[in-house]
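Understanding the architecture of this molecule
Listed below, chain by chain, are the residues.
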Amino acid sequence: MKPTSHAFKANAAAALQDAGLQRALGNAKGGFIERRRRAVEALPEFEQLRAAARDIKDHTLAHLDYYLERFEARVTAAGGQAHWARTAEEACRIVADLCRAAGARLVTKGKSMVGEEIGLNETLEAAGYDVVETDLGEYIIQLAHEPPSHIIAPAVHKTRGDIAQLFREHHSQYGFEGTRETVPAIVDEARQLMRGKFVTADVGITGANFLIAETGSTVIVTNEGNGDLTGTLPRVHIVLASLEKVVPTLEDTSVLLRLLARSATGQEMTAYTTFFTGPRRPNDPDGPEAFHVVLLDNGRSDMLGNDYRDMLRCIRCGACLNYCPVYGAVGGHAYGWVYPGPMGAVLTPLIVGLKEGGSLANASTLCGRCETVCPMSIPLPRLLRQHRVREHEQKLTPPRARLALAAWAYLARRPRLYRQVINAAAVILGALGRRRGRLRYLPLASAWTRVRDFPAPQGRSFISAWRKQWGQRKER
Amino acid sequence: MNEARDAILARLHSALARERLDPATQMQLDARLTSPLKGPQPTLPGDKVAHFIDKASAAASTVAHADSPASVVHTIQEYLITHALAPSLVIAPTPPLVSLPWPQDMHVERRAALADDMTALTAAFAGVAETGSLVLLSGPQTPTTLNFLPDHYMCILSRRRIVSHTEDVWSLLREEYEGLPRALNFISGPSRTADVEQSIQLGAHGPRRVLVILIDDWD
Ligand code: SF4
């Protein structure tokens, strides 16, 4: 998918005007937060687990080469095969080659954010494969030809009516003619339709929440059961995972699993947590004949070496999205690529480049809620600020912002001049706004004053007020 | 694709500002893999079995108790009647299930699941009290499709096989197994989705209902 992150401002403005989207966001708002809060409160060990999880991931990242090699060796020992991909294109090519070698026609997919990141569906469809997303949310956005708007609830921006409409358009070819007025009717229709796909698919593609170096296993955490049917029924199972998904042992995975479901949906454990290890064994009555894991770099090795390494701890729980006031107001699509919210604002510039994605770093008030709820203690606000600094250094910020900043910096380095200018401004603005205590219009800040008033200063700058106060005290 | 592999490993080394790990450090890390450390675990108040039942019920599983093979069969018959299901069952081809006293009028098949099977019965490797989860291992006698395709999923679990935490499952596996099977499933309730307006709906792509039958003695 071609990113449109540079247009965040325009995207966000449009999102705020979109009544349907605002209704859908309103529906979603409280649920995630309330459920997470309850789950975390019910677990006194949560903070202890958080600290342990951070240590596990930091240890793994510091030895990432070792753990990936161990993982690969275990995959091979279990009868599977690992493939390494430097870029999105390389990963897509590997998967397309595997599909061709399998003589595939129908490919089913479990939800995979890495799949979204590399634009796998487009590649496979262009190569002539019939690709079906099996997670209900992913399926809905596949029908709508849209990217996910949330990393764990891809269709959270759709209302029931939108979904019923999509099903009406796409399902009559299969003979479905229901009314689709209720949620159960919609879910049931998807279930019936998907049955046929699961059992006839030649290749199943899933993501991975974790890769385990000790055993060569890939782990998926789901509620629908679609990931398991996708991994179990076709002849070939392909797992997509980025490098940082590896953890050392099963015990380490236990720690991370305790945090993941609680942070994501407020569950103690999702309905299904599955560990896949190799293909089916000689006497097994079901399971795939071949098992492949594609290990994707696409920017991760850079992050490991620069000051964004903390971001590689992310387990994609989505809590930072749910708690972000900006995400809550504009939804996921405004971010213009596949990862939205605070984690997306950090990741997108690192993967698609600062020029395209840099403006996302400004899509934040730096209020800090994301860091507070992040189960992996990722300092998201600090990483966003880092992007801003870099954006400025590389001269990617708009000329007006640069000019204003340069003017301020000029003054700030000349304290006396600074005080004179600030005092003058305070007196003038104070006089202008004296009658109402606030200003309706400010030159150079009309975007601000268009939707809110600017409080008029009291006619004195902070420094001069402080002086006066401090000076008096000193005299006493 | 060895070229990509070498290139990625080289990039990782340069990011970590070192060469491939020396043998001594590798041995230390190998030791961490072979004798894994446990992280923090939730404290479980009271009895493991009671905790399991609480958590499984909270995850929308139904828990029944059976004190004899005959009562397992009886429990299943009642379940089928309650849910207006035909007296027909696909069971995992494992001796304890095959040898249950199945009545004449019950149609029992031993195999992997097919797309339109309504009801399946399997046997769990273990249960986890912490989360009320069943643990299922794939294998010749326990096909994985039984866990996901049928609408109604029934599973027998021995009380003795209920452990406190997921870490205890890893210990059991290391004692009783060589490596991991193709699929290991933790099952915590029926399949569900919240993808339509965040309203939780049971029976997405997997089972609509889960019945756990606890028995006193197994294997
Ligand atoms: S950054 Fe933290 S809160 Fe956000 S998705 Fe990643 S792990 Fe979850």
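Described in the following lines is the structure provided in the data block. All values derive from a computational prediction rather than experimental measurement. (Residues numbered from 1 in each chain as written. Chains lettered and ligands numbered in written order. Predicted model: local features only at pLDDT ≥ 70, side-chain atom pairs only at ≥ 80, totals over all residues. Heavy atoms only, no water.)

**Quick look at the environment of A:I152**
Relative to the elements of secondary structure, A:I152 occurs in the loop between α8 (136–143) and α9 (160–171). With 247 residues separating them along the chain, A:I152 and A:P399 place their C-alpha atoms 37 Å apart. (Helix = DSSP H or I, 4+ residues; strand = E, 2+ residues; numbered from the N terminus.)

**Details of the site of the ligand**
All names here are of chain A. The environment of the ligand is formed by 13 residues, the closest being C314, C317, G318, C320 and C374. If you map the ligand onto the pockets, it falls in the second largest cavity. Split into classes, the residues belonging to the shell around the ligand amount to 11 nonpolar, one polar and one charged. (Near = heavy atom within 4 Å. 1 Å grid on protein atoms, 1.4 Å probe; cavity = no way out; pocket = protein on both sides within 12 Å on 5 of 7 lines; lining within 4 Å. Sits in = over half its atoms within 2 Å of the grid points. Nonpolar A, V, L, I, M, F, W, Y, C, P; charged D, E, K, R; others polar.)

**Some remarks on the side chain of A:T274**
Following the sequence through the fold, A:T274 ends up in strand β9 (residues 272–276). Residue classification places A:T274 among the buried residues on the basis of a relative accessible area of 0%. Separated by 2.6 Å, the side chains of A:T274 and A:D228 make a polar contact. Separated by 2.8 Å, the side chains of A:T274 and B:N185 make a polar contact. Excluding residues within four positions of it along the chain, A:T274 makes contact with A:T218, A:V219, A:I220, A:D228, B:F148, B:L184 and B:N185. (Buried < 20%, exposed > 50% of the residue type's maximum accessible area, 1.4 Å probe, protein only. Polar contact = N/O pair within 3.5 Å; in protein donor to acceptor, adjacent residues only side chain to side chain. Contact = heavy atoms within 4.5 Å.)

**Overview of the interface of chain B and chain A**
One frequently used descriptor of interface size is the decrease in accessible area upon assembly of the parts. Listed by partner, the interface residues are 75 residues for chain B and 102 residues for chain A. Each partner contributes to the roughly 7,500 Å² buried at the junction of chain B and chain A, and carbon and sulfur atoms together form 56% of this total. On the chain B side of the interface with chain A, the three residues burying the most area are B:R182, B:D195 and B:H205, jointly 13% of the side's total. Inspection of the region where chain B meets chain A yields 16 salt bridges. Between B:E197 and A:R160 there is a salt bridge, and its shortest N-O distance comes to 3.4 Å. Run the count over chain B and chain A and you get 50 residue pairs in polar contact (both at pLDDT 80 or more). Of all the secondary structure elements, the ones that give two or more residues to the side of chain B that touches chain A are α1 (2–15), α2 (23–34), α6 (145–148), α7 (166–176), β9 (183–187) and β10 (192–193) of chain B. Of the residues that constitute the side of chain B that touches chain A, the class distribution is 33 nonpolar, 24 polar and 18 charged. Both β9(A) and β9(B) contribute to a ladder of five bridges, which runs antiparallel. What sits directly across from A:T273, in β9(B), is B:F186. (Buried area = accessible area lost by both parts, 1.4 Å probe. Salt bridge = Lys/Arg side-chain N within 4 Å of Asp/Glu carboxyl O. Pairing = 2+ DSSP bridges.)

**Quick word on empty space enclosed by the protein**
Residue and element names in this part refer to chain A. Tallied over the full model, the rule gives five cavities of 30 Å³ or more. Lining the largest cavity are 17 residues, and of these C324, P342, S364, T365 and C370 sit closest to its centre. At the level of elements, α15 (325–330), α16 (341–352), α18 (369–373) and α19 (380–393) are the ones that each hand at least two residues to the lining of the largest cavity. It is α16 that contributes the most residues to the lining of the largest cavity, three residues altogether. (Points joined across faces, edges and corners; volume = space filled by probe spheres on them.)

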